[in-house]
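Reading the structure
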Amino acid sequence: MSERPFFVELVAPYRLQVQLSGEIDENVVRRLTEDLVPQLRTLGDRGEILFDLCELRACPTSARAGLIELQRAVAKVGARTAFIANRPRFRGIALYVAHKSGDPNARAFHQHTQARAWLRSDEGRVEALTSFLGRAKLPRLRRRSSQSQKLRAVGASHHESSEEEAG
Amino acid sequence: MNEGRLPLRHRVFVWLWRRTTSLMVGFPDRFAEEFVRTYGVGEFVRWSKKVFEILQRLEKRFGPAEAQMLIALAAFWGGCRWCAVGHMFTGNLELFDREGELGPLDERQIPRLQVMKDAEALEQLMALYDGTRWSELNGAIRRQYELRSGQHEPENADDLLVEETNVMWEWVNECTITAIDIDPEVVPPQSAIGKKHELCRRYRRARESSAAADEIEAG
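Residues numbered from 1 in each chain as written. Chains lettered and ligands numbered in written order. Predicted model: local features only at pLDDT ≥ 70, side-chain atom pairs only at ≥ 80, totals over all residues.

Here the focus is the overall build of chain B. From N to C terminus, chain B includes nine helices and zero strands. On C-alpha atoms alone, chain B measures out to a radius of gyration of 18 Å, which is about the 17 Å that the 2.2 N^0.38 rule sets for 219 residues. Dimensions of chain B, computed from the C-alpha atoms along their principal axes, are close to 60 × 40 × 30 Å. Relative to its full complement of 219 residues, chain B shows a buried share of 42%. Across chain B, every contact between residues at least 6 apart in sequence was considered, and the portion connecting residues at least 24 apart equals 62%. (Helix = DSSP H or I, 4+ residues; strand = E, 2+ residues; numbered from the N terminus. Rg over C-alpha atoms; globule rule 2.2 N^0.38 Å. Buried ≥ 20, exposed ≤ 12 C-beta atoms within 10 Å, placed from the backbone. Contact = placed C-beta atoms within 7 Å.)

With that out of the way, let us pick up the nonpolar core. Formed by 94 residues in total, the largest nonpolar core has its most connected members in A:Leu53, A:Phe83, A:Ala94, B:Leu70, B:Ala72, B:Ala75 and B:Ala84. If one sorts the elements of this core by residue count, helix H3 (residues 64-78) of chain B sits on top with eleven residues. (Core = buried A, V, L, I, M, F, W, Y, C linked by C-beta atoms within 7 Å.)

Attention now goes to the interface of chain B and chain A. Facing the 32 residues of chain B at the interface are 27 residues of chain A. When contributions to the side of chain B that touches chain A are tallied by element, the ones reaching two or more residues are helix H2 (32-62), H3, helix H6 (118-128) and helix H8 (157-176) of chain B. Among the residues forming the side of chain B that touches chain A, the class breakdown is 15 nonpolar, eight polar and nine charged. (Nonpolar A, V, L, I, M, F, W, Y, C, P; charged D, E, K, R; others polar.)

All names here are of chain A. One ladder, built from eight bridges, connects strand E2 (residues 15-23) with strand E3 (residues 48-58); its direction is parallel. Residue Gln17 lies in a different strand from E3, and its bridge partner there is Leu50. Across five bridges, the pairing between E3 and strand E4 (residues 80-84) is parallel. Residue pairing for E4: Ile49 is matched across the bridge by Thr81. Handedness of the E3-helix H2 (residues 61-77)-E4 crossover: right-handed. (Pairing = 2+ DSSP bridges. Right-handed = clockwise from strand over helix to strand, strands pointing away.)

All names here are of chain A. Inspection of the sheet shows strand E1 (residues 6-12) paired to E2 by six bridges, in the antiparallel sense. Looking at E2, one finds that Leu10 is bridged to Leu16. Connecting E1 to the next strand, E2, in antiparallel fashion are two residues. Remark: the E2/helix H1 (residues 26-43)/E3 crossover connection has right-handed handedness.

Glancing now at helix H1 (residues 8-25) of chain B. Residues and elements named next belong to chain B. Relative to the 26 Å expected for 18 residues at 1.5 Å per residue, H1 spans 25 Å between its end C-alpha atoms, a close match to the ideal helical length. Taken together, the buried positions of H1 are Phe13, Val14 and Trp17. Take H1 and look down its axis: the buried residues cluster within an arc of 100°, on one side only. Exposed positions of H1 whose direction lies more than 90 degrees from the buried face are Leu8, Val12, Leu16, Ser22 and Leu23. Buried residues in H1 make contact with H2. (Expected span 1.5 Å × (residues − 1). Arc of directions from axis to C-beta.)

Let us look at H2(A). Residues and elements named next belong to chain A. If you check H2, its first and last C-alpha atoms are 25 Å apart, about what 17 residues at 1.5 Å a residue would give, namely 24 Å. Of the positions making up H2, those classed as buried are Ala63, Gly66, Leu67, Leu70, Gln71 and Val74. Considered in projection along H2, the buried side chains sweep an arc of 145° and stay on one side of the axis. For H2, exposure combined with an orientation more than 90 degrees from the buried face picks out Thr61 and Ser62. The inward-facing, buried residues of H2 contact H1, E3, E4, helix H3 (88-101) and strand E5 (106-109). Gly78 sits one or two residues past H2 and shows a positive phi near 90°.

What follows is about the sheet that holds E3(A). All names here are of chain A. The sheet built from five strands is open, its strands ordered E1-E2-E3-E4-E5 with mixed pairing. In this open sheet, the two edge strands, each paired with only one partner strand, are E1 and E5. Sheet twist, expressed as the mean angle between neighbouring strand axes with direction ignored, is 20°. Sitting on the sheet, H1 touches E1 and E2, and the angle it makes with E1 is about 20°. Set on the sheet, helix H4 (residues 112-120) makes contact with E2, E3, E4 and E5; between it and E4 the angle comes to about 170°. (Axes fitted to C-alpha atoms, helices over the stretch in contact; angles between N-to-C directions.)

If you want it as structure tokens, here you go:
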């Protein structure tokens, strides 16, 4: 594991991975910004950034303010961002940074697979949520009157697929 | 975020919304302006209806206390302290009111759990929501985490409801996350049950007695 508070690596042609470790402060974020932003500019709007927060231990208010500024710079370039954190607190901080920076293309996740899918997509953060909720609404609201009816429908489809497998 | 002044018609809406929530739940929605700034009035009203619809479906399927607890945990995994504490408080009050029991998770412990790794936090939740009384919710909590963390896709009606809850509260948390460092002691219950002040006082006293008893037991 790296002792450095941050580590930036080009992991794919247009993807930078940034690992943040330990307790970061505003000076760490300033150095990270100086390192990252020029690299981002060379990638342009096809750029992607994956912030790995799994080794992060503390991110005080002053560091968050710097991260918000950094995220504004990312948004300006038009790059897409995924944050990965294995603690709820840091997913919360990532959302806070994304929201406060006004970057619609940054979102926090639990896992790398979720993050990679996000980086490949072109929906905004809020757009992705409302499009899921919109899709979820139509078919099931019509059947909402009976929960058991829904369960029967699910049971029937399971039964059908079991029959197909058996066949 | 554009943090300039909202147009007059939006400010009027915010004022009305805050008045309405004061009457409904006993306190003005402190995020009303943030919601309107982020989503606009139309989108905010549209998806707020969906919030209530999901709450009703959760209550019908799991019960009023459990519905609030699942909402709390949807927000919990997203790192939102306001919603996680507030809805767990609401669920605990519902339980205390109906069954005279304290919920397994004191809402004030949520910030401590949120700094744990997911696996450790899930393990603690599983241990807290143990026993016959909580067997159904225990399964739903585990499934909620698995769905949110992308380990599984929804497979049945319960999964779909829990996944919708996760996504709906991600939408809510877009704005409530601005209270990321709030003192859990000051987060109010998130439903009309918070207006039952005597119930809230009895609940607080019961929590304190329980904590004192735990301390004595621990030696």
